[in-house]
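Next come the chains, spelled out residue by residue.
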Amino acid sequence: MITIKSHSELDLMRKAGKIVSGTFEALKRSIKPGITTKELDRIAYDFIKSSGATPSFLNYGGFPASICTSINDCVIHGIPDKTKLCDGDIISIDIGACYKGYHADSAKTFAVGDISADAKRLIDVTRQSFYEGIKLAKRKNRIGDVSAAIGEYIESNGFGVVRDYTGHGIGEKLHEDPSVFNFGAPGHGPRLMAGMTIAIEPMVTAGDYEVYTEDDDWTVRTFDGSLAAHYEHTILITDGECEILTL
Ligand code: MG
Ligand code: MG
């Protein structure tokens with residue numbers, strides 16, 4: 001069931017969204033060679049808790065940390081540990097915060113030090129694919145219109161679109177209906193209505209789109225070892241342009 005949020009629910013989601021974007025701000029200056037992903041996780045945990053929220057991912061389905069830290073060929077769900085970031089790495093950081101019972105969810109991919117031109121282009125195309133998608137995220141359009149725009153943009157740039165994971169509705173639960181695919185033909189799926197809140201999150205690979213999950217049951221990597229990037233915001237469908245809640 002797709003829920004339509006009330007004004008008071010949306011105020012809580014906006015607040016959760018601000019906490020998520022604030023967490024990215026708090027982390028940004030620390031993303032450099034030598035820091036461990038565990039240290040990044042600690043910074044995020046402290047910021048989210050001091051903002052009066054709880055980390056949405058901590059203990060979600062047993063996930064053992066507050067953020068996901070996915071380096072290079074890791075696509076999503078990387079678990080923070082004592083791995084140190086190295087010059088030339090790319091790292092996707094996924095953050096969720098729950099404020100007074102309402103979630104917001106966002107992910108971005110960052111350069112660590114100096115990265116290759118190819119890695120930079122992967123990050124840029126991934127981010128832009130989100131913006132190409134939300135041009136279609138309007139009342140009366142269908143979810144599939146957004147999915148198609150994202151997938152077309154990524155594939156026309158020569159990159160792979162991960163099939164096995166999708167965006168999602170969000171609100172009182174971190175993952176609600178509908179699923180938001182990052183590929184497919186336009187004209188399919190539920191119609192968008194004002195008051196829907198969805199997390200749109202293209203996951204993009206420099207090579208083939210096939211992925212596998214490691215034995216820890218979380219870490220998702222590209223099968224061919226190619227780099228991957230991730231970009232996500234929680235948005236609100238309105239009567240006009242969508243509102244991005246996690247900016
Ligand atoms: Mg996320
Ligand atoms: Mg998400």
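These numbers come from a predicted model, not from an experiment.

Here is what the cut-offs are and how they apply
- In this numbering scheme, every chain counts its residues from 1 along its sequence in written order.
- Chains and ligands are labelled by the order in which they are written, letters from A for the one and numbers from 1 for the other.
- The predicted origin of the model limits local features to residues at a pLDDT of at least 70 and limits the giving and counting of side-chain atom pairs to 80 or more, whereas totals for whole chains, interfaces and linings rest on all residues.
- Side-chain numbers here rest on the full set of heavy atoms in the structure, without hydrogens or water.
- Each helix is a run of DSSP H or I of at least 4 residues and each strand a run of E of at least 2, with the numbering of both proceeding from the N terminus.
- Only C-alpha atoms enter the radius of gyration, while the globule expectation follows 2.2 Å times N to the 0.38, with N the number of residues.
- Burial classes follow relative accessibility: with a 1.4 Å probe on protein chains only, a residue under 20% of its type's maximum area counts as buried, one over 50% as exposed, and anything between as partly exposed.
- Between two residues, a contact is recorded if the distance between any of their heavy atoms is within 4.5 Å.
- The protein chains shown are the only cover counted for residues, whose accessible areas, like all others here, come from Shrake-Rupley with a 1.4 Å probe.
- Here the positive residues are Lys and Arg and the negative ones are Asp and Glu; neither His nor the chain ends is included.
- The atom standing in for a charge is NZ when the residue is Lys, CZ when it is Arg, CG when it is Asp and CD when it is Glu.
- Coordinating N, O and S atoms are those within 2.8 Å of the metal (3.2 Å for Na, K and Ca), and as water is not part of the atoms, a site may appear to have fewer donors than expected.
- Note on pairing: DSSP must find at least two bridges between two strands before they are called paired.
- Axis geometry follows a simple rule: fit a line to the C-alpha atoms, using only the stretch in contact for helices, then measure angles between N-to-C directions, giving values from 0 to 180 degrees.
- What sets the label is the angle itself: under 35 degrees gives roughly parallel, over 145 gives roughly antiparallel, 65 to 115 gives roughly perpendicular, and the rest give oblique.
- Handedness of each helix crossing follows the sense of rotation of the near helix against the far helix: counterclockwise by less than a right angle gives left-handed, clockwise gives right-handed.
- Classes in brief: Ala, Val, Leu, Ile, Met, Phe, Trp, Tyr, Cys and Pro nonpolar; Asp, Glu, Lys and Arg charged; the others, Gly included, polar.

Visitor: Can you walk me through the overall build of the protein chain in this structure?
Guide: Within the protein chain, the regular secondary structure consists of 4 helices and 15 strands. Relative to the globule expectation of 18 Å for 247 residues, the C-alpha radius of gyration of the protein chain, 17 Å, shows essentially globular dimensions. Based on the C-alpha atoms only, the size of the protein chain along its principal axes is roughly 45 × 45 × 30 Å. Within the protein chain, the fraction of its 247 residues that count as buried is 53%. A separation threshold of at least 6 residues defines the contact pool for the protein chain, and within that pool the share at least 24 residues apart is 70%. Total accessible area computed for the protein chain in this model is approximately 10600 Å², and 51% of it derives from carbon and sulfur atoms. Distance from the positive charge centre (26 side chains) to the negative charge centre (35 side chains) of the protein chain: 7 Å.

Visitor: Can you walk me through the coordination of the magnesium ion (ligand 2) in this structure?
Guide: Tetrahedral coordination by four donors puts the ideal angle at the metal at 109.5 degrees, and octahedral coordination by six puts it at 90 or 180 degrees. In this structure, Asp105 (OD), His168 (NE2), Glu201 (OE) and Glu232 (OE) serve as the protein donors to the magnesium ion (ligand 2), at separations of 2.1 to 2.2 Å. Donor residues binding the magnesium ion (ligand 2) come from one chain and are separated in sequence as D-x62-H-x32-E-x30-E. The magnesium ion (ligand 1) is placed at 3.1 Å from the magnesium ion (ligand 2), the two being bridged by aspartate 105. Remark: glutamate 232 occurs in the loop between strand S13 (228–230) and strand S14 (233–236) and aspartate 105 occurs in strand S5 (residues 102–111); sequence separation between them is 127 residues. In terms of burial, aspartate 105 and glutamate 232 fall into one category: buried.

Visitor: How should I be thinking about unusual backbone geometry in this particular structure?
Guide: Across residues other than glycine, the phi torsion is negative in most instances, and most of the peptide bonds are trans. The step from aspartate 177 to proline 178 runs through a cis peptide bond, and the omega angle for that step is 0°. Of note, proline 178 is situated in strand S8 (residues 176–180). A positive phi angle is found at lysine 140, which is not glycine, with a value near 85°. When you line up the elements, lysine 140 lands in the loop between helix H3 (117–134) and helix H4 (143–156).

Visitor: Please clarify how the sheet that holds strand S7 (residues 167–169) should be interpreted in this entry.
Guide: The strands that make up a sheet pair up through hydrogen bonds in the backbone, lying either parallel or antiparallel. Read across the open sheet, the 5 strands follow the order S8-S7-S9-S14-S15; overall the sheet is antiparallel. At either end of the open sheet lies a strand with only one pairing partner, and these are S8 and strand S15 (243–244). Relative to S15, S14 runs antiparallel, the two being bridged by 2 bridges. By the bridge assignment, isoleucine 235 is partnered in S15 with isoleucine 244. Strands in contact with H3 are strand S9 (197–200), S14 and S15; relative to S14, the strand with the most contacts, it is inclined by about 10°. Of the strands in this sheet, S8 and S9 are in contact with H4, which crosses S8 at around 40°.

Visitor: Is there a simple way to explain the coordination of the magnesium ion (ligand 1) in this structure?
Guide: Within the first shell, the magnesium ion (ligand 1) binds the protein through Asp94 (OD), Asp94 (OD), Asp105 (OD) and Glu232 (OE), at distances of 2.0 to 2.5 Å. Going along the chain, you hit the donors of the magnesium ion (ligand 1) in the pattern D-x10-D-x126-E.

Visitor: Mind showing me how you'd approach the packing of helix H1 (residues 7–28) against helix H2 (residues 37–50) here?
Guide: Viewed as axis vectors pointing N to C, H1 and H2 meet at an angle of 140°, and their least axial separation amounts to 9 Å. Taken together, the axis directions place H1 and H2 in an arrangement best described as oblique. The element H1 and its partner H2 pack so that their crossing is right-handed. Where H1 abuts H2, its residues Ile19, Gly22, Thr23, Ala26 and Leu27 lie against Leu40, Ile43, Ala44, Phe47 and Ile48. Here the residues of the contact of H1 with H2 are counted per class, giving 8 nonpolar, 2 polar and no charged.

Visitor: Got a minute to help me understand the environment of glutamate 39 in this structure?
Guide: Looking at the element boundaries, glutamate 39 is found in helix H2. On the basis of relative accessible area, glutamate 39 is assigned to the partly exposed category, the value being 41%. Counting along the chain gives 76 residues from glutamate 39 to isoleucine 115, while the straight-line C-alpha distance between them is 22 Å.

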